[in-house]
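Geometric and topological summary
Spelled out from the first residue to the last, the chains are:
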2 protein chains.
Amino acid sequence: MAATQIALDKSKGSAREAILEAAVRLFAQHGFAKTSLKAIAQEVDIRTPSLLYHFPSKQALETAAIESLNNSWQNILPQILSEAKNPGERFDRTLGVCIEFFQEEPTRAQLFVRALLDKPDELKEIIKRDLQPWLKFIAKYIRRGQEEEIIHSDLDPEAYTMSVTILILSTFALGQVRSAFIDSGNAEMLAKNELIRFARTALFRPNRMENNHG
Amino acid sequence: MAATQIALDKSKGSAREAILEAAVRLFAQHGFAKTSLKAIAQEVDIRTPSLLYHFPSKQALETAAIESLNNSWQNILPQILSEAKNPGERFDRTLGVCIEFFQEEPTRAQLFVRALLDKPDELKEIIKRDLQPWLKFIAKYIRRGQEEEIIHSDLDPEAYTMSVTILILSTFALGQVRSAFIDSGNAEMLAKNELIRFARTALFRPNRMENNHG
DNA sequence: CCTACCGATCGGTAGG
DNA sequence: CCTACCGATCGGTAGG
């Protein structure tokens, strides 16, 4: 349905896209309720009724904003997971891509967290529909790693994956307050590195070789 | 200032407290912008102007809601940290209390995350003022643990503490969507256990004894 | 703690 | 894509 609408609007696609882009940014920064249609319209230099020609209601625009975010990760996750050759590389690349995705545009993480808080039912369906398959995929690899004894045995794959997802999202969504926790100038890099170490250490069992000279 | 006002209003404290309680709940559930003063007033069976006698403005009520949340943890953190006898116990008790605090009332976590998103500057000051001392305290213990070689050496204490704080907050704030990640009936327990395992494994170096028979 | 009321802003419609 | 306009709701005030 959404795909059809996008196809039909191809001639006026740029206006629609501009509105959507502004909406995503403002929704992420100020929240859905605090962002008026007028504010979004102003960002693309049109009036509110003109905006409502492209999106029938504010609700429709909110849904479109969430879906556009959803679509953008649908394109990157598949290839990453299938490319890697070994568990370590698969972990590094998957985590790396996810982190880059939210680091380069923290608005994405903010919008995601806001949507999770404001529209839990809507998001639950989107997650089940579009994220669930990849989570299952990852969980399968984790179970295999547990059988091979390279991953901690006392670990629930689904719970681990959820924790990492939530941690990535929140770390970048709440980036504005990082300086309250970390005084250092490169707080973002410290947070990112710790996030990676955190996820890695909690997943893989310690390498005996590394462990001995410690 | 806030303390003085509370003292002065002691005779009418119950009304004020009832308003504040309703405000915290509604702000947490629906966000600041979506919660009207009328909705809060209705919860305590009064009219909007009566509410504005107790709190001069919506902004004042929002600040009071955040501060009340802040006060409630100010009372529990101090004793916990000083009580424990060894690093393991200190970790378990501190983490346990923090988890219980948000698990028994997820509204607290929701309000906190919403405030972090909506009022980053205000929250940064609150964190620096009231949470920073305890974070420094914890960081000091972590550094000692690193010297004693029971805690991972490649770990930034401040970044680790921030990550755990964010993970606890988000895990309970986003509890409503847990079932999209975990199918199991006891998803909350799985998430909680994984959270603890996660934080523990990422902090302490593996025990050589445990490691050998694995 | 109330009634009565205010200007401002909201999402959205009519009609072109 | 616009102007003109709508009813509803918002936070807040006056006055008692």
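Here, every reference points to the structure presented above.
Here we summarise the structure given alongside this text.

What counts and what doesn't
Residues numbered from 1 in each chain as written. Chains lettered and ligands numbered in written order. Predicted model: local features only at pLDDT ≥ 70, side-chain atom pairs only at ≥ 80, totals over all residues. Heavy atoms only, no water. Core = buried A, V, L, I, M, F, W, Y, C linked by side-chain atoms within 4.5 Å. Buried < 20%, exposed > 50% of the residue type's maximum accessible area, 1.4 Å probe, protein only. Contact = heavy atoms within 4.5 Å. Least-squares fit on C-alpha atoms with pLDDT ≥ 70 in both. Phe/Tyr/Trp six-rings, centres within 6.5 Å; stacked < 30°, edge-to-face > 60°. Helix = DSSP H or I, 4+ residues; strand = E, 2+ residues; numbered from the N terminus. Lys NZ or Arg CZ within 6 Å of the ring centre and 35° of its normal. Buried area = accessible area lost by both parts, 1.4 Å probe. Salt bridge = Lys/Arg side-chain N within 4 Å of Asp/Glu carboxyl O. Polar contact = N/O pair within 3.5 Å; in protein donor to acceptor, adjacent residues only side chain to side chain. Nonpolar A, V, L, I, M, F, W, Y, C, P; charged D, E, K, R; others polar. Near = heavy atom within 4 Å.

1. Here's the deal with the nonpolar core
- I40, L61 and Y160 of chain A together with I40, L61 and Y160 of chain B are the most contacted members of the largest nonpolar core, which has 132 residues in total.
- In contact with Y160 of chain A, other than residues within four places in its own chain, are F91, I142, L155, A199, A202 and L203 of chain A together with E194, R197 and F198 of chain B.

2. Looking at the relation of the copies chain B and chain A
- Overlaying chain B with chain A gives an RMSD of 0.0 Å, the required rotation being 180° about an axis along which the chain moves by 0.0 Å. The two molecules are tied by a two-fold rotation axis, judged by turn and shift.
- Interface overlap between copies is the fraction of interface residues in one copy that are interface residues in the other; for chain B against chain A it reaches 100%, indicating a shared surface.

3. A closer look at the packing of aromatic side chains
- Within the structure shown, the criterion is met by 15 aromatic pairs over all chains.
- Judged by centre distance (5.3 Å) and plane angle (10°), the rings of W73 of chain B and F112 of chain B are stacked. A residue pair is termed long-range when its members are at least 10 positions apart, and W73 of chain B in helix α5 (residues 58–74) and F112 of chain B in helix α8 (residues 106–118) qualify at 39 residues.
- Using a relative accessible area of 7% as the deciding quantity, one classes W73 of chain B as buried.
- Every member of this aromatic cluster is reached through a ring pair, and the members are Y160 and F198 of chain A together with Y160 and F198 of chain B.
- Looking at R90 of chain A, its charged tip hangs above the ring of Y141 of chain A, at a distance of 3.6 Å from the centre.

4. Digging into the interface of chain B and chain A
- Opposite the 56 residues of chain B that make contact, chain A presents 56 residues.
- Summed over both partners, the interface of chain B with chain A buries about 5300 Å², with 67% contributed by carbon and sulfur atoms.
- Where chain B meets chain A, there are four salt bridges.
- The partner of D118 of chain B in a salt bridge is R114 of chain A, and the shortest N-O contact between them spans 2.6 Å.
- Linking chain B with chain A are 15 residue pairs in polar contact (both at pLDDT 80 or more), by the criterion used here.
- Put simply, the parts of the chain that give the side of chain B that touches chain A at least two residues each are α2 (13–30), α8, α9 (120–147), α10 (157–173), α11 (178–181), α12 (187–203) and α13 (208–212) of chain B.
- Looking at the side of chain B that touches chain A element by element, the count peaks at 12 residues for α10 of chain B.
- Taken together, the residues of the side of chain B that touches chain A break down into 27 nonpolar, 14 polar and 15 charged.

5. Notes on the protein's contact with DNA strand C
- Around DNA strand C sit 13 residues, and of these L37, P49 and K58 of chain A together with R47 and S50 of chain B come closest.
- Among atoms of DNA strand C positioned within 4 Å of the protein, sugar and phosphate together represent 66%.
- Between DNA strand C and L37 of chain A there is a distance of 3.0 Å, counted from a phosphate oxygen to a backbone nitrogen or oxygen.
- In the model, a phosphate oxygen of DNA strand C is placed 2.6 Å from a nitrogen or oxygen of the K58 of chain A main chain.

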